[in-house]
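Architecture and fold: a report
For reference, the chains in residue letters:
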Amino acid sequence: MITMTLVNIFLYVSVNLYASTGEVDWSALSSGQIEEYLQLQEANKRGSDLDNLKTAKDFLINGNTKMARFHLEQINLKKSPVKLIRNRYMSLIEFIEGNYRQSLKLISSGRYNDEKYYKEVCMLRVLNRMALHTLDQDRVTKRKVDKQFLGEYRNCSVNTLEYSKTQHYWLDTMSRFKTRNKEYLKGSEIENVSFAISSLDLTRIWLKLGLYLNKEELVKSNIKTLPAKMYQSNSVRELLGLMYYRLDDLEKANEFVEGITSPNAENIKGNIRLKNKEYELAFGHFKVALLKKENSINALERAIPLAWLLGQWEEGIKLLSRFIKPGQDERKKLALNTAFKIKIEDYKKAEEQLVVIERLFKRQVPQEVEIMKSYVALRRKKMKDLAESSSIACKRHDGVNCWIQMQMSIWENLGYTIEREENIFSDDELDIESLKEMAEISPLKESVIIDQKDIEELDSQKLQIDPTIL
């Protein structure tokens, strides 16, 4: 025990020597001490990797894929013994963000085919292949993906059956949709209530299945058979709340999600408020949903327009930065961000972004972008840019920009003119009340400069022309 303590002290001194000089005095260490030093270094490195894995897992569970990715990227793929676990977590992130090909690629290594690893990744493989089927439109490719999916599905079902509390009810159902089983698509499984109510997990899947197939009426007609204990589950109440929301029974929908603070429940509450045009309350519910799941697409898609509607410009910019959706048009996203920047009067940044947008649209910019260009040029007092943008917008029948074109012919620099603080009219010259009052009409008195009679007399006189002048 004393010997080990001395060795540890000696190693500690050696490590500190390395920290200060950049070198370890290997000559002072025996072969056993060198081996122990290297093991200590390896243990420290492994401990750091495990810490990053644990932190990434926490962020992943809470829906913060950005921070989870950051911690996973700290792990050295070439040397780390936790490479397989790291890639599995990274694959989950790619799947959540809709990058199905990359997600599948990360867990397609032959090492994952080992039985002890395969059961950890096979379900994710199945889901990725299922998602890729909808992306691959070519018939030959689709048949190939179908075949790969069925093979993966069968292998995964066998290897993970002991871990499924529902005997792979959901996976089996999804595979039937995948292979286009017509009876399932009609909703025949919804009527199999006796099997569905045998456990809470099966009930949840049964309700999800009904919502997935848009068979809310069919589900509603069968929920009377659900045991009372099922209604104690928050997840079941969420699903029933969504069902009644789709059926436009907002009162019952609200009753089912009342008291539940999960992201799904908050989104349902927000949607109900939206339908009732209670915009501030709806915005509050969506923000609560985003606190619990920061990448909730449902919440973001509704919160961003509400931020604009309620004048929450700074909040809108923050929400927009978190909006990541497969297939989204980045040009439109940048244009919306620019509109928010204009609202907070950050015209310099808006101008920089408009240059990028114009390049992305290959100079064929939409009318809304052209109007933003015109306004930013006006506020930045760049008359040349304003003349160009307002001219284009005017030709596209935007009345305000036609007015700007007219005003530019009057004022030297319209940008400076609009920022002048002087009153356009004095208080006693013109106001609304004076326009409403009755006024006495008196004829205008014209000042006579040349009498009309003199003009007529001159017209009647004969003109004598001296021929010598010609």
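Keep in mind that what you see is a predicted model, and the values were worked out from it rather than measured. (Residues numbered from 1 in each chain as written. Predicted model: local features only at pLDDT ≥ 70, side-chain atom pairs only at ≥ 80, totals over all residues. Heavy atoms only, no water.)

Moving on to the overall build of the protein. Helix and strand counts for the protein stand at 26 helices and zero strands. For the protein, the residues scored as buried account for 36% of the 470 residues in total. Within the protein, residue pairs in contact and separated by at least 24 positions form 51% of the contacts whose partners lie at least 6 positions apart. Carbon together with sulfur atoms contributes 53% to the accessible area of the protein, which is approximately 30,800 Å² in total. (Helix = DSSP H or I, 4+ residues; strand = E, 2+ residues; numbered from the N terminus. Buried < 20%, exposed > 50% of the residue type's maximum accessible area, 1.4 Å probe, protein only. Contact = heavy atoms within 4.5 Å. Areas by Shrake-Rupley, 256 points an atom, 1.4 Å probe, with all protein chains shown as cover.)

W206, L207, I223, L240 and M243 are the most contacted members of the largest nonpolar core, which totals 25 residues. Sorting the residues of this core by element identifies α11 (200-212), α13 (234-246), α14 (250-257) and α15 (263-275) as the ones contributing at least two each. With 16 residues, the next largest nonpolar core counts A282, A289, I317 and F323 among its residues. (Core = buried A, V, L, I, M, F, W, Y, C linked by side-chain atoms within 4.5 Å.)

Bringing the confidence of the model for the protein into the picture now. Counting all residues, the mean pLDDT for the protein is 81, and 80% of those residues have values of 70 or more. In the model, residues 1-22 has pLDDT below 50 throughout and makes 18 contacts with residues more than four positions away in sequence or in other chains. (pLDDT = per-residue confidence, 0-100.)

Tallying each qualifying case throughout the model produces two disulfides. Shown here is the disulfide that connects C122 with C156, its sulfur atoms set 2.1 Å apart. Measuring handedness by torsion sign, the sulfur bridge of C122 and C156 sits at about 60° and is right-handed. In this pair, C122 is assigned in helix α6 (residues 115-135) and C156 in helix α7 (residues 139-160), connecting sequence segments 34 residues apart. Classification of C156 by relative accessible area gives buried; the value is 0%. (Disulfide = S-S within 2.5 Å.)

What follows deals with unusual backbone geometry. Of note in the backbone geometry, K277 takes a positive phi value of approximately 60° without being a glycine. As for its position among the elements, K277 is in the loop between α15 and α16 (279-292).

For the rest of this paragraph, the subject is helix α23 (residues 399-408). Turning to α23, its buried residues are N401, I404 and Q407. Each buried residue of α23 sits inside an arc of 110° when the element is viewed along its axis, so together they form one side. Against α21 (367-379), α22 (383-395) and α24 (414-417) lie the buried residues of α23. (Arc of directions from axis to C-beta.)

Counting through the fold element by element, I371 comes out in helix α21. Residues within four places of I371 in sequence aside, it is in contact with A393, D398 and N401.

Moving on: the packing of helix α3 (residues 65-72) against helix α4 (residues 83-96). Running from amino to carboxyl end, α3 crosses α4 at an angle of 155°, the nearest separation of the two axes being 10 Å. Put simply, α3 runs roughly antiparallel to α4. As for the relative orientation of α3 and α4, their crossing is left-handed in sense. Residues T65, A68, R69 and L72 of α3 pack against R86, Y89, M90, I93, E94 and I96 of α4. (Axes fitted to C-alpha atoms, helices over the stretch in contact; angles between N-to-C directions. Parallel < 35°, antiparallel > 145°, perpendicular 65-115°, else oblique. Left-handed = near helix turned anticlockwise from the far one by under 90°.)

This brings us to the packing of aromatic side chains. Tallied over the entire structure, the rule returns seven aromatic pairs. Their ring planes at 10° and their centres at 5.5 Å tell us that Y244 and F256 sit as a pair that is stacked. With Y244 in helix α13 and F256 in helix α14, this residue pair connects regions lying 12 residues apart in the sequence. Taking the relative accessible area as the measure of exposure, Y244 reaches 5% and is therefore buried. Classification of F256 by relative accessible area gives buried; the value is 17%. Within the aromatic cluster, the residues linked to one another by ring pairs are Y231, Y244 and F256. Over the ring of Y245 we find K275; its NZ or CZ atom is 5.1 Å from the centre of that ring. K381 extends its terminal NZ or CZ atom over the ring of Y416, reaching a point 5.3 Å from the ring centre. (Phe/Tyr/Trp six-rings, centres within 6.5 Å; stacked < 30°, edge-to-face > 60°. Lys NZ or Arg CZ within 6 Å of the ring centre and 35° of its normal.)

Attention now goes to a nonpolar patch on the surface. A grouping of I449, I450 and I455 is seen on the molecular surface, where their side chains present a nonpolar patch of about 330 Å² in accessible area. By the element assignment, I455 lies in helix α26 (residues 452-460). Among the residues examined, I455 registers a relative accessible area of 32% and is labelled partly exposed. (Patch = residues over 30% accessible without salt bridge, like charges linked within 9 Å, V, L, I, M, F, W, Y side chains within 5 Å. Salt bridge = Lys/Arg side-chain N within 4 Å of Asp/Glu carboxyl O.)

Our focus in this paragraph is the pattern of salt bridges. One pass over the structure, following the stated rule, counts 20 salt bridges. The closest approach of N and O atoms between D201 and R204, which form a salt bridge, is 3.0 Å. Of this pair, D201 and R204 both sit in helix α11, three residues apart, which is roughly one turn of the helix. Under the relative-accessibility criterion, D201 is labelled partly exposed at 26%. For D248, the salt bridge identified is with K275, shortest N-O distance 3.0 Å. A residue pair is termed long-range when its members are at least 10 positions apart, and D248 in the loop between α13 and α14 and K275 in helix α15 qualify at 27 residues. Given a relative accessible area of 44%, K275 falls into the partly exposed group. A cluster of three or more residues bridged by salt bridges with shared partners is formed by R69, E94 and E97.

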